[in-house]
Amino acid sequence: MTSTAIVAQHIRRTSLARRHPAILMGSLGVLAVVLSFYGLSVGATEVPVADVLRALVGDTSTQASRIVIDFQLPRVLLCWLVGIALAVSGAVMQGVIRNPLAAPDIIGVTKGAGFAGMLLLLAIPTLPVVAVVPAAFVGGLLAAAMVYVFAYRRGATPVRIALVGIAVSAAFEAGIRFLLVRNPLDVSAALIWLTGSLFGRSMTSVLQILPWVLVLVPLIIVWARKLDVLGLGDDLASGLGEPVERTRRVLLFFAVALAAAAVAVSGTIGFVGLIAPHMARRVFGGKHIASIPAAALFGVLLMLIADMLGRGLAPPLEIPAGLVTAVVGGPYFLYLLVKTGK
Amino acid sequence: MRLQAQGVELAYDRTVIAKDLTLNIPDGKVSVLIGPNGSGKSTALRALARLLPPTKGSVVLDGKSIQDTPTKEVARLLAILPQVLVTPESISVEDLVWFGRHPHRTSLKVPSEADKEAVEWALKVTSTAELRHQHVDQLSGGQRQRVWIALCLAQGTDLILLDEPTTYLDVAYQLEVLDLLHQLNQEQGKTVAMVLHDFNMAAEYADHVFVMKSGSLVTQGPPEDVFTCDIIRDVFGVESKVVPHPVSGKPMCIPLRAGLLERANLAVATG
């Protein structure tokens, strides 16, 4: 090892984040809260922060505060919930599949949910987007189940899950394109949903994803050490008394359900599930008890920033958040590929 | 004997690796499984550790079928060090050894005093205590292998199985690892069963040797009995001379290259 590498490693090891993870984690949380308040006040019409606060404590007398409660609040809450769901889902998948490039997009969930959602939107064009949620959720779960079944041969090894996931995703992607080409006139609503946007969502959407996040994320954090043990490889993990196949199946189900819920309410927002867990590991190390909550926070920050950029770059035109994360995430993904390829 | 494979058939998918294999691991001894590549020795070890369910017969641990025993319970009785080890990204020695306590812990409980003591003890007997804060990926091959053995020891089991613990190590590190295992057997009474590649290392360290060839047991016994020219020829397909080790007196097999055998026979005939 070269001396610069040793120095770099030393810095990384003794960095603030590793010594005082709670402080940095807290700062990330504060930053997310600050950004959320900012997110509540910017929009189609600017609302002064004082009005935002007034609206939050229940004063809905002014028009400004109605805007905050009806339009901005669900949107910011969805940024939190979708960010947490995607990031934690990605962190679990990367842990279970033991590949830093694993993400909800790769295991078929995103495309499966997208296909099911589009099918419904095109079949019944008058349907409100909210009604798509259950269909997309089921589509995501079915796609992931398909991946697992095809990958299963006396247990589903991580490599096989990843490869089958890519194949199944490609098949659903083809299905989505087929639908787009077949119905060129009716696709605009479906397309906006597909790109991933938080525009025009109400509290109904918030309530559709909230239970999944509230139940599954704490369960996953309780199981964090099991994820660490799975990282030692199947044989050693079994040797340490972990029922590998069962644990993997349960954790994957949790991750898939979270991702499916996120895609269902927000459409396909790519890369958050890939990037947030990776950032968390770099800053907080590989132990899941720290890296999963950290990934959740990074996920929230990414979503808040993407949504804000989408609204602020070219008003009054809204750029879907999914497009922003894709523009930022693509290059980051390439950087990851180059780095892990070495 | 606490750990036994009784007439097991072992297979990956539909390829049968071993048929009607019986192995009784002697308690409190160092046993070595040896054989050429593809002889099924690693497969047999995996079956003994409950990593591979036999398609016929059964592996018995303390009188109970190991497949019918929950994996967590097995992990409190028997530790296995697989051949291929995945070191988690930038993990410290101490954190890695703590994984050995996994079978004794539940998700929400904080580590107990017993857990801490077991980890400290494992670090001490493997002489890795002073490395505890170092990152595992910065260690030498021998140090790293000692840390993995410390992980197994922290499990607190009397039975330790190891799959080729010395492969890819320089000779000094090979001795470092095997000396440690010998010491654990002598001082702590651990039952050690391992797969080794090198018959001279096996002869030097084993109390009991299982010699395997294409999935079946050719012979077993103390190294003095099993390492003969005939068995080496039959199992490994090489001619050799077996001579006593000049210092330890254990059998040493010296493989002969083509042509040397005739010269050796000639020397015997004329001498």
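Note that the structure is predicted; figures quoted are calculated from it, not measured. (Residues numbered from 1 in each chain as written. Chains lettered and ligands numbered in written order. Predicted model: local features only at pLDDT ≥ 70, side-chain atom pairs only at ≥ 80, totals over all residues. Heavy atoms only, no water.)

Caption draft 1: Summary view of the overall build of chain B. Broken down by element type, chain B carries 10 helices and 12 strands. Expected size for 271 residues packed as a compact globule is a radius of gyration near 18 Å; at 20 Å, chain B falls within 12% of this value. Once the C-alpha set of chain B is aligned to its principal axes, its extents read approximately 75 × 45 × 30 Å. Put simply, chain B has 271 residues, and 48% of those count as buried. Taking contacts inside chain B between residues at least 6 apart in sequence as the whole, the part at least 24 apart equals 64%. (Helix = DSSP H or I, 4+ residues; strand = E, 2+ residues; numbered from the N terminus. Rg over C-alpha atoms; globule rule 2.2 N^0.38 Å. Buried < 20%, exposed > 50% of the residue type's maximum accessible area, 1.4 Å probe, protein only. Contact = heavy atoms within 4.5 Å.)

Caption draft 2: Up close: the nonpolar core. Residues Ile209 of chain A together with Phe227 of chain B are the most contacted members of the largest nonpolar core, which totals 155 residues. By residue number, the principal contributor to this core is helix α5 (residues 63-97) of chain A, which donates 18 residues. Every residue in contact with isoleucine 209 of chain A, bar those within four places of it in the chain, is listed here: Leu78, Leu81, Val82, Ala85, Ala261, Ala262 and Val265 of chain A. (Core = buried A, V, L, I, M, F, W, Y, C linked by side-chain atoms within 4.5 Å.)

Caption draft 3: Local environment of the packing of helix α14 (residues 272-284) of chain A against helix α15 (residues 288-312) of chain A. Residues and elements named next belong to chain A. Across the interface, α14 lies against α15 with an axial gap of 8 Å and an inter-helix angle of 130 degrees. One finds that α14 runs oblique with respect to α15. Here α14 runs over α15; the crossing is right-handed. Between α14 and α15, the residues in contact are Val272, Ile275, Ala276, Pro277, Met279, Ala280, Arg281, Val283 and Phe284 and Ala290, Ser291, Ala294, Ala295, Phe298, Gly299, Leu302 and Met303, respectively. (Axes fitted to C-alpha atoms, helices over the stretch in contact; angles between N-to-C directions. Parallel < 35°, antiparallel > 145°, perpendicular 65-115°, else oblique. Left-handed = near helix turned anticlockwise from the far one by under 90°.)

Caption draft 4: Up close: the sheet that holds strand β5 (residues 64-65) of chain B. All names here are of chain B. Taken together, four strands build an open sheet; the order of strands is β2-β1-β4-β5 and the sheet is antiparallel. In the strand order of this sheet, the two ends are held by β2 (15-25) and β5, each with one partner. In the sheet, strand β1 (residues 3-12) pairs with strand β4 (residues 56-61) via five bridges, with the strands oriented antiparallel. Residue pairing across strands places leucine 3 opposite leucine 61, the latter belonging to β4. Against the sheet, helix α1 (residues 41-48) engages β1, β2 and β4, with an angle of about 120 degrees to β1. (Pairing = 2+ DSSP bridges.)

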